[in-house]
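Each chain is listed here by its residues.
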Amino acid sequence: MSPTNGPNTILRLSLILAASVAMVMPIYFFGITNGNDLPQHYQFAMTFERSLVEGTTYPSWSADSNNGFGDIGVRFYPPLAYYVMVAAKLIGGNWYNASVITFAFWFFLGSVGMYFLAREWLSPNASTAAALLFLLMPYHTNQIYNAFLYAEFAATSVLPFCFLFAYRTCRRGSVYDIAGLAASYAVLIITHLPLTVIGSISLLVFSLASLQRANAIRSLVKLTAAVAIALAASSFYWLRMVSELSLVKHAHADLVEKAYDFRINFLLSYLNTPTADYLDRSLIFSDLMLLATLAVAVAGAVPFFLKRTDRKAFLPFIVLLAVSLFFATPLSMPLWERFEFLAQTQFPWRWLAVISIAATVLAASGFDIVVGHFRTEKRPVALIIAGIVAAVAAFTFAQVIRPAVYVERQQFENRISALTYAKGCECFWPVTAIAGALSRPEISLPAGRKVDVVSYSTARREYLVSPGVSGEMRLPLFYYPHWNAYVNGVRQTPRMDATGAVLVDIPEDAANIVVQFEEPQSYRAAAIISLLAWLALFAAGVVFLFGRLRQRSETEPSGLS
């Protein structure tokens, strides 16, 4: 990679920003794109917003969903995508504007990552072309326009940075490269779990293909150190998630069966999938996205590989593309059946995220050569390649963006308001909860006793109960082991009824009841470790930035004759 020219880089990034904003203009004018996962993502976002307003940086419980019974989704779903959306709401003022800002941000971030990743191999112009092409990759656009895979969309935008710093760690291995890999991989972990699994396999393959024989052992040690730091930085999230997997319904087998069964979600599976399933599950559309992605990769890469002699430099991307195709198709079925962590990602077509990244760099590899062809007798070849790229862009606009289901502004805001107490996905309920609990959303007390709600927050509720017959107080709240009750200051372990609702024993006297969610001490220790790791990564970034600025100032002419 040639040295980066500051003003030119800013100009290129400005172009990428403008293109990213343009990508969300249909959403701004026509409405937020609909999808099966939309309600759950916004319920999570509202939980994070409420928690922050209450002064809690990381929520333990979704307080209002499921008619006030709550759920534990925020304990298991990575948090970063929702912090970004809440921050965007502070800027935009409402969830509609926040969504547009958020989608533009992730589009921009992913394309910036692609620009710097491509710059390790390509010219500034070709790298800019890679960044813009990534915006138009059918699957990346489809993530937000049709499927509304919001967290996966965000994680796809993080992945290019992971590959960038993994490559730099293998080839140079400075402290700042290791810190960059640690930070980007930690961000991936706290953004989307299935893509973390897919990304981890991809990064391993990509890194092994990027190693140089002379310093392979040293590079492997540095890569391992980066992963260790990333795990420390993200431990505030994954420790409680891993520790409590058996307590959430999402871990149950029925969530990797039926529609979630990986066996009926492979790409290029027409021959081993019933025709009805192939059509109903839109696998034909997924295959079309794959073919469009591969077409643009081949069209751009062929001129490069025919003319240039440094073809081995792109071996990491060739290997990455081949391995990704393997895992996305039925060829890898034995591995999916053997390894549960693969099955838990549910959809082999998710590998299209990695395929899109590898294909983008390979497509951009021939950019300079193709541009040069326009000035020679090979102009027809250049026109054909440009036509293939234009056809893929047209496919994205005509088959992904145009047919999306848009929810106009007022309808969207009304829908978001209705989501506050709406029933959420049962996959994020405690294993002991059943839907029948929601039919009794009121507080139940022994006959003749009354209750006043003193306070009600995400992780704490306080009640005053009048004197009367002793017995059980049933709360419209799903039981979870971390709920503790304090009756007139005396700690009591709550129980649950047959529906999974919290039960608290109350005495004959008037009672002050406090029900509070209390995290184990080990989780607090993990939070401190994460904070220290992020402070160290931030310090490394600041030192690197000031070093670059000082280096640039020393090399610039003073202006004195």
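Look up: the structure comes first, before these words.
Here's a quick rundown of the structure.

**A few points about the pairing of strand β10 (residues 511–517)**
Argument step 1. In terms of burial, β10 is largely enclosed, as 5 of its 7 residues are buried.
Argument step 2. In this structure, strand β4 (residues 460–465) lies alongside β10, joined through 6 bridges in antiparallel fashion. Paired with L464 across the bridge in β10 is N512.
Argument step 3. Looking at chain direction, strand β6 (residues 483–487) and β10 are connected through 5 bridges and run antiparallel. Looking across to β10, one finds that Y486 is bridged to V514.

**Re the packing of helix α6 (residues 95–119) against helix α7 (residues 124–136)**
Argument step 1. It is the contact of α6 with α7, at a shortest axis distance of 8 Å, that shows an interaxial angle of 145°. Regarding α6 and α7, the two cross each other, and that crossing is right-handed. Touching F107, G110, S111, M114, Y115, A118 and R119 of α6 are P124, S127, T128, A130, A131, F134 and L135, all from α7.

**Examining unusual backbone geometry**
Argument step 1. Phi is positive for L268, which is not a glycine, with a value near 50°.
Argument step 2. At Q346, a residue that is not glycine, the phi angle is positive and equals roughly 75°.
Argument step 3. Its location among the elements puts Q346 in the loop between α18 (340–343) and α19 (352–364).

**Side note on the pattern of salt bridges**
Argument step 1. Evaluated as defined, the whole model comprises 17 salt bridges.
Argument step 2. Measuring nitrogen to oxygen at the nearest pair gives 2.9 Å for the salt bridge that ties R240 to E519. Placement of R240 in helix α13 (residues 235–243) and of E519 in the loop between β10 and α23 (521–555) is noted, with a sequence separation of 279 residues between them. We note that R240, like E519, is buried.
Argument step 3. The salt bridge partner of R495 is D505, with a shortest N-O separation of 2.5 Å. With R495 in strand β8 (residues 495–496) and D505 in strand β9 (residues 501–506), the pair connects residues that are 10 residues apart, well separated along the chain.
Argument step 4. Residue R495 is classed as partly exposed on the basis of its relative accessible area of 34%.
Argument step 5. Linked through salt bridges whose partners overlap, the residues forming this network are R75, R240, E244 and E519.

**A short note on the sheet that holds β8**
Argument step 1. If you trace the 3 strands from one edge of the open sheet to the other, you get β5-β9-β8, paired in antiparallel fashion. Both edges of this open sheet fall to β5 (471–478) and β8, since each of them pairs with a single strand only.
Argument step 2. Summarising the sheet, β5 and β9 pair through 5 bridges and their orientation is antiparallel. Residue E472 lies in a different strand from β9, and its bridge partner there is D505.

**So, the environment of P507**
Argument step 1. Positionally, P507 belongs in the loop between β9 and β10.
Argument step 2. Each C-alpha atom of the pair P507 and P481 lies 23 Å from the other, and the pair is 26 residues apart in sequence.

**Here's the deal with the sheet that holds β10**
Argument step 1. Strands sit in the order β3-β4-β10-β6-β7 across an open sheet of 5 strands; the sheet is antiparallel. Strands with a single pairing partner mark the edges of an open sheet, and in this sheet they are β3 (451–456) and β7 (490–492). Across the sheet, the mean angle separating the axes of adjacent strands is 25° when strand polarity is ignored.

**Side note on the side chain of S444**
Argument step 1. By the element assignment, S444 lies in the loop between α22 (409–419) and β3.
Argument step 2. Engagement of the side chain of S444 in a polar contact is seen with the side chain of R440, the distance being 3.2 Å.

**Some remarks on the packing of helix α9 (residues 150–171) against helix α10 (residues 175–189)**
Argument step 1. For the pair α9 and α10, interaxial distance at closest approach is 8 Å and the crossing angle is 155°. If you check the angle between α9 and α10, you find them roughly antiparallel. Crossing of α9 over α10 shows left-handed handedness. Seen from α9, the contacting residues are A155, V158, L159, F161, C162, F165, A166, R168 and T169; seen from α10, they are Y176, D177, I178, G180, L181, S184, Y185, V187 and L188.

**Regarding helix α15 (residues 283–307)**
Residues lying three or four places apart along an α-helix face the same way, a consequence of the helix completing one turn every 3.6 residues.
Argument step 1. In this model α15 runs 37 Å from its N-terminal to its C-terminal C-alpha over 25 residues, within 8% of the 36 Å that 1.5 Å per residue would give.
Argument step 2. Of all the bends found along α15, the most pronounced is centred on A301 and spans about 30°, while P303, a proline, follows it within four residues.

**Structural notes on the packing of aromatic side chains**
Argument step 1. Under the criterion given, the structure shown has 47 aromatic pairs.
Argument step 2. Between K89 and the ring centre of W95, over which it is positioned, the NZ or CZ distance is 5.2 Å.
Argument step 3. The cationic tip of R240 hangs over the ring face of Y58; the distance from NZ or CZ to the ring centre is 4.0 Å.

**Here's the deal with α19**
Argument step 1. The terminal C-alpha atoms of α19 lie 18 Å apart, and with 13 residues this matches the ideal 18 Å at 1.5 Å per residue to within 8%.
Argument step 2. In terms of residue burial, α19 counts as a mostly covered element, since 13 of its 13 residues are buried.

**Observations regarding the state of the cysteines**
Argument step 1. Evaluated as defined, the whole model comprises 1 disulfide.
Argument step 2. There is a disulfide in this structure between C425 and C427, and the S-S distance comes to 2.3 Å. In this structure, the disulfide formed by C425 and C427 twists by about 130° around the S-S bond and is classed as right-handed.
Argument step 3. Between C170, a free cysteine, and C162, which holds the nearest cysteine sulfur, the sulfur-to-sulfur gap is 13 Å.

**What to know about the nonpolar core**
Argument step 1. Core analysis: the biggest nonpolar cluster contains 168 residues, and Y42, Y150 and I513 have the highest contact counts within it.
Argument step 2. Broken down by element, the residue count for this core peaks at 15 residues, all from α9.
Argument step 3. Beyond its immediate stretch of four places on either side in the chain, Y150 contacts H41, A81, Y82, V84, M85, T102, F103, W106 and I144.

Calculation notes
Residues numbered from 1 in each chain as written. Predicted model: local features only at pLDDT ≥ 70, side-chain atom pairs only at ≥ 80, totals over all residues. Heavy atoms only, no water. Buried < 20%, exposed > 50% of the residue type's maximum accessible area, 1.4 Å probe, protein only. Helix = DSSP H or I, 4+ residues; strand = E, 2+ residues; numbered from the N terminus. Pairing = 2+ DSSP bridges. Axes fitted to C-alpha atoms, helices over the stretch in contact; angles between N-to-C directions. Left-handed = near helix turned anticlockwise from the far one by under 90°. Contact = heavy atoms within 4.5 Å. Salt bridge = Lys/Arg side-chain N within 4 Å of Asp/Glu carboxyl O. Polar contact = N/O pair within 3.5 Å; in protein donor to acceptor, adjacent residues only side chain to side chain. Parallel < 35°, antiparallel > 145°, perpendicular 65-115°, else oblique. Expected span 1.5 Å × (residues − 1). Bend = angle between axes of the 7 residues up to and from the residue. Phe/Tyr/Trp six-rings, centres within 6.5 Å; stacked < 30°, edge-to-face > 60°. Lys NZ or Arg CZ within 6 Å of the ring centre and 35° of its normal. Disulfide = S-S within 2.5 Å. Core = buried A, V, L, I, M, F, W, Y, C linked by side-chain atoms within 4.5 Å.

Don't take any of this as a statement about function, it's just geometry.
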